[in-house]
Amino acid sequence: MTHVAPRTGASATIGGVEASTQAALPPGPKLPKLIQTLGFAVMPARFFDACRRRYGEVVTFRTLFDSGFVMVFDPRIVKDIFRGDPDQLRAGPANELLGPVLGERSVLLLDGPEHLRQRRLMLPAFHGQRLRTYETIMREATDREIDSWPVGEAFQSLRAMQSLTLDVIMRTVFGVEEGERYRELHRAIRDMLDPISRPLGVLVLTLSLARRGRSRNVQVFEERRRRVDELIYDEIERRRRDPDLAEREDVFSSLLLAEDEEGRPMTDAEIRDELVTLLVAGHETTATALAWGFDLLLHHQVVMDELRRRVADGDDEYVDALVKEVLRIRPVIPAVGRVVHGEPFELAGYSIPPGMEINPSITAIHRRPDSYPSPTELRPERFLEDDPPDTYTWIPFGGGTRRCLGGSFATFEMRVVISRVLERTTLEAVQPEPDEIQRRGITMVPRNGAPIRQLRSPRAGRTAAPAAA
Ligand code: HEM
């Protein structure tokens, strides 16, 4: 790790924070790396809280997996990061663990002009009007999922939501309908994603790939990835020949038609990498957020009753607030990363050297009592007040030029799924308390999969015409 000599200097106000002693790096725990690693793995929220109280809003940590990084707990400082020069604060290197799965042209791994180009090409596929065309697909996928649930028997809501969100992605992003191609792609994708959704899965895979050994892990993964690639390249070829391509409404087809300012379309390799990126970034994340949503709702009867009432009245405002509150109290991704490039980055009076990663802590920022009074309480009303949390205080989708491309897609899908489930059936929680939070890969999931039970057969669903635009 690069060390920069401490600077002396007068007080400065950066990100609205008074920093009277300027130092090279922010202070942080002197504990051995092993202990800090355990703090992160076993009880991150308590560990961060203790460190924040002791060292302040910007803290340097060191674990067994890095040579030091800086966590940020204050929204005012996060603002300086999200509005910083994207060429100096790079997200690509912070996401590189996902490289073997996503491919090198993935929007998540690129930086600078290349990132902007890919992002611009992809953005139109996620705009508001386009989302409304997906409502019917989302509603029908929810109906199919509900119809497959047992009555009176416990099952994991996380599993159920994974199957639902994969179905939605297959139809809205890939534009593949029921049939042999759907089943083949579905199977191949699940097989490839399997290692990513296990605890430490991404890490184990990356370490195995880095050793370049032909371990069984690596071989199996590469075979599965090749299978997905074959199917995608085959589909690209078929679509390019499809005379109705321009009429299609799925994201895949929009990517095939998209052109940059110089009129250049995406290459097949770029399309493959972006499709896999959308799949990896969009499927488990939304499933996890939905599972947390049901877990929290089923343990908060007052909120559940209010939500039922509002949904029955056709009022979307409250369910949207509930979705925001779920993403606040159970953020699926605990932190985002930016790696300093070129010159040291000045942050709250400290100088962060090139190569070092800065992480706005989503978990800690969402639990600040000064932004969210009684922060552990589920209160959707927070988002309905006159002065709702701003874009640096509510950050489940990160921010700046790297903000999640699928944020609106995910919140819209959550609204459709939660409303539909409440309209058609009655669920109960299996555990007396909300599930515990566990880190799995890059997400924070319910340890036991948030088990639920359906109390009676669902009301008829297929016939109810969805209000699609
Ligand atoms: C609840 C569900 C989701 C959560 C919590 C989530 C969260 C995030 C976060 C934290 C980032 C990093 C942002 C940053 O670095 O500042 C991100 C990036 C991204 N997400 Fe999501 N996401 C979700 C759903 C989706 C969906 C449904 C899609 C697409 C179908 C998607 C596509 C992406 C893409 C493409 C990026 C990379 C953006 C870039 O680097 O420019 N996400 N997401």
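Asker: Honestly, unusual backbone geometry in this entry has me stumped. Any pointers?
Answerer: For residues that are not glycine, phi is negative in most cases, and the peptide bond is trans in most cases. One non-glycine residue, S374, adopts positive backbone phi at about 45°. Structurally, S374 is set in the loop between helix 16 (362–365) and helix 17 (407–424). Even without glycine at this site, A450 takes up a positive phi of about 45°. Within the secondary structure layout, A450 lies in the loop between strand 13 (443–446) and strand 14 (451–454).

Asker: Which parts of the structure should I look at to understand the pairing of strand 14?
Answerer: Regular strands show a simple pattern: their side chains alternate between the two faces of the sheet. Relative to strand 14, strand 6 (residues 154–156) runs antiparallel, the two being bridged by 3 bridges. Bridged to A154 within strand 14 is R453. Note: strand 11 (residues 427–429) against strand 14, 3 bridges, orientation antiparallel. Following the sheet pairing, A429 is matched in strand 14 by I452.

Asker: How should I be thinking about the sheet that holds strand 14 in this particular structure?
Answerer: For sheets, the rule is that strands pair by backbone hydrogen bonds, running either parallel or antiparallel. Strand order in this open sheet of 3 strands is 6-14-11, and the pairing throughout is antiparallel. Each end of this open sheet is capped by a strand with a single partner; those strands are strand 6 and strand 11. The average undirected angle you get between the axes of adjacent strands in this sheet is 40°. Packing against the sheet, helix 8 (residues 157–172) makes contact with strand 6 and strand 14, and its axis sits at approximately 55° to strand 6.

Asker: Help me understand the packing of helix 7 (residues 135–147) against helix 8, please; the structure alone is not making it clear to me.
Answerer: The packing of two helices is summarised by the inter-axis angle and the distance between the axes. Helix 8 packs onto helix 7 with a crossing angle of 145° between their chain directions and a minimal axis gap of 9 Å. Along this stretch, helix 7 crosses helix 8, giving a crossing that reads as right-handed. In this structure, helix 7 uses I137, M138, A141, T142, R144 and E145 to contact helix 8, whose residues at the interface are A160, S163, L164, D167, V168, R171 and T172. Tallied by class, the residues present in the contact of helix 7 with helix 8 amount to 6 nonpolar, 3 polar and 4 charged.

Asker: Explanation requested: the environment of V326 in the structure shown.
Answerer: Inspection of the secondary structure assignment puts V326 in helix 15 (residues 316–329). Along the backbone, V326 and R379 are 53 residues apart, and their C-alpha atoms lie at a distance of 9.2 Å. Setting aside residues up to four positions removed in sequence, V326 forms contacts with A289, W292, G293, L296 and P331.

Calculation criteria
Residues numbered from 1 in each chain as written. Predicted model: local features only at pLDDT ≥ 70, side-chain atom pairs only at ≥ 80, totals over all residues. Heavy atoms only, no water. Helix = DSSP H or I, 4+ residues; strand = E, 2+ residues; numbered from the N terminus. Pairing = 2+ DSSP bridges. Axes fitted to C-alpha atoms, helices over the stretch in contact; angles between N-to-C directions. Contact = heavy atoms within 4.5 Å. Left-handed = near helix turned anticlockwise from the far one by under 90°. Nonpolar A, V, L, I, M, F, W, Y, C, P; charged D, E, K, R; others polar.

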